[in-house]
Structure formats: structure tokens, C-alpha cells
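Analysis of the macromolecular model
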Amino acid sequence: MITIPYLTALTTYFSYGLLFAFGQFRDLFRKIFDWWSANNLQGYASICLGLEDFYVRRLYLRIQYCFGRLIASAPDAWFDVVERYSNDNNKTLKRATNITRCLNLGSYNYLGTTVLHTDLEECVAKFVGKSAAVVFGMGYVTNSTILPVLIGKGGLIISDSLNHNSIVKGAQGSGATIRVFSHNTPPHLEEVLREQIAEGQPRTHRPWKKIIVVVEGIYRMEGELCKLPEITAICKKYKAYIYLDEAHSIGAVGKTGRGVCELLGVDPADVDVMMGTFTKSFGSCGGYIAGSKELIQYLKYTCPAHLYANINLTTSCSTDYICHRSYS
Ligand SMILES: Cc1ncc(COP(=O)(O)O)c(C=O)c1O
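Scope of this entry: the structure provided in the associated data block. Nothing here was measured: the structure is a model prediction, and the numbers come from that model.

Observations concerning the state of the cysteines
- Scanning all chains against the criterion turns up zero disulfides.
- Cys-235 forms no disulfide, and the closest cysteine sulfur to it belongs to Cys-226, at a distance of 9.5 Å.
- Looking at Cys-235, the relative accessible area reads 2%, which means it is buried.

This is the structure we're talking about:
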């Protein structure tokens, strides 16, 4: 927690109080003057919102220069701030010619994909053995926002009974039908798949538009390894996609830390969607999805967590851990 020095807090509140008191005082004089010179429409309430109007006129306009800064570049880590000056007590600001280069300590730039992000994406894809990847600011958000863009109404998600809450929420948010198979039990997964394929969609019994089986590489509470070879074989047999969450296995198992595929000898090509996080082995933050080029391009165009959320530079620093330090 940041502690603000008493002197700073005291002088800030004092300045604010002073501006407020002077503002009220001047407004009082203005009211008396208006009343005396019959400047106002008599009997009407003020058309402007009382305190809001007061705040804009007496406080905001005077101090707007402190936070209403004009920038003349993309809001990246470093950006150009345009200097301004005022001839009328900050009511209006005029643009000066000089520009100051500043460090950006907090802003949002939805378009601000830096080279570091693309480096990280390429690095992750190469690391897990897929052709492309997309990274997100949070692992939880990766699962909960990716599943709804991969599948929807008319689709079927078959989920391991001990899957993480982020998968559960993603599955629920997708609108697809959800069925659960007994934890890490491939024969039960096959039974559920056969039954569901035979029955089809509820009521109409039409074939499912898509089936996705969701499992984890290592189950976090049990420390148990996924029976991935058997599960991928079943998914192939019934033409169901497989979504593998490697939050706890990536960087932790396999000869070079590449996760359960490497450890159990599964070809990454047999896993359609590879999900992982940077929060565990990599000691950073964020999540990723790795898959085919077409899949990743589709996710970049449609996934709200990619389109409407920022990804921070700490996540990009995972590149360092994945590619340059531990596993090169
Ligand atoms: C299996 C699994 N997936 C996803 C997540 C979410 O990852 P994050 O903590 O990076 O948001 C977790 C969190 O522990 C997890 O255990």
C-alpha cells in the first residue's frame, strides 16, 4: 500500500478547500450582482447542475492542466506530451510548440500491441510446438473468454469433473450444452461421447455443431497427470476437439519444460487448443492460447479479452523466462 506523506495530503486538501471556499464566495457575489442587475431570468432555477457546474467552473478549469494532458503519439510505454499555456487562468489552453517525451505510468491503448507482445506470442507458439499463439493479461480470463468464442448454442462441451473454475465459467458463458465426465477417466469420457453423439442436441436431436473436450495437463489440487494419450485417441476417434489447460504443467514437466505433451509423448498436433498461464512456472502473469494459424487469427478477431482489454508489459516479460533463460 502507498502511504501518502501527511504534508502532501494536508497541503492537497488545504488547496482544494481554499479553491472551494473562494469559488463559493465568488459565486455568492455573482448571484447578488445578477439579482441586483436583473441579469438572470427571475423565478427560474439554474439550468446548470448546481455542484457539477460549480466544480467545472471553479475547480476543474483551473487545474485541468494537471491531468488533461494532450499527447501527440501512440500511448505506448513512452509518449509525447504537448506543452500548453493559457492567457485566461486556464479557461482555455493554447498549444505551445515544444513537446516533452514522458514515461507512461498508466493508460489504456487497445491498439498498443508492441513488438514484445508479438515476440512473446511467437515464442510461446514455438515453445509448445504450435504454429501460432495469442496472449492475454490473465489466465482466468483466457479460459473464461475463449470458450464462448469457440463454441455456442448447438455445441457440446465435455468437461473433466475437476476442471478449474475459469473453464466452468467459460463453458457456462458459451451457451453450449455441458456434460461432465468422471475425473481423468477416459472410458467414461468415451461413454459420454457415444451417448451424446447418439442423442444429438436436446429436443431436436440434430447432430452437435461441434464437440470440445476440455481437460487439464496437471490437476492442481490432486497433482495428478492427465491421461492425455488415451483422451486424445478417444477425441480423434469421435472427431471431437480437445482443449488442454496447461496452467500447472507448462514449464513444470517434460524434459525441456514443454508440458504434458512432451512428458507423455503426445504430438502437439493432436491437441487442438493449447492453453496455459504465465503465473505458475514462469513467475509472471497472463495466459496464452496456442493452436493453428487460422484458429489464432480467428481468436484475435473475435475474443473480447483480446479486443477490449489491455495486455501489460509484465506479461511480455515472460518472453525472457520462456525463450531466453530457462528453456533455450
Ligand atoms: C487450471 C487453471 N487454469 C487457469 C487458471 C487461471 O490462471 P491465472 O491464475 O493465471 O489467472 C488457474 C489458476 O490457478 C488454474 O489452476
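Still more ground to cover, so stick around.
Some words on unusual backbone geometry
- One non-glycine residue, Asn-184, lies in positive phi territory at about 55°.
- As for its placement among the helices and strands, Asn-184 is situated in the loop between strand E6 (177-181) and helix H6 (186-199).
- Unlike most non-glycine residues, Arg-203 shows phi in positive territory, near 65°.
- With respect to the secondary-structure elements, Arg-203 resides in the loop between H6 and strand E7 (210-216).
- For Arg-203, a relative accessible area of 80% gives the class exposed.

What about empty space enclosed by the protein?
- In the structure shown here, the tally under the stated rule is one cavity of 30 Å³ or more.
- Reported here for the largest cavity is a volume of approximately 30 Å³.
- Considering the residues around the largest cavity, the lining is formed by Arg-57, Leu-61, Arg-62, Asn-89 and Lys-91.

Scoring rules and cut-offs
- Residues numbered from 1 in each chain as written.
- Predicted model: local features only at pLDDT ≥ 70, side-chain atom pairs only at ≥ 80, totals over all residues.
- Heavy atoms only, no water.
- Disulfide = S-S within 2.5 Å.
- Buried < 20%, exposed > 50% of the residue type's maximum accessible area, 1.4 Å probe, protein only.
- Helix = DSSP H or I, 4+ residues; strand = E, 2+ residues; numbered from the N terminus.
- 1 Å grid on protein atoms, 1.4 Å probe; cavity = no way out; pocket = protein on both sides within 12 Å on 5 of 7 lines; lining within 4 Å.
- Points joined across faces, edges and corners; volume = space filled by probe spheres on them.

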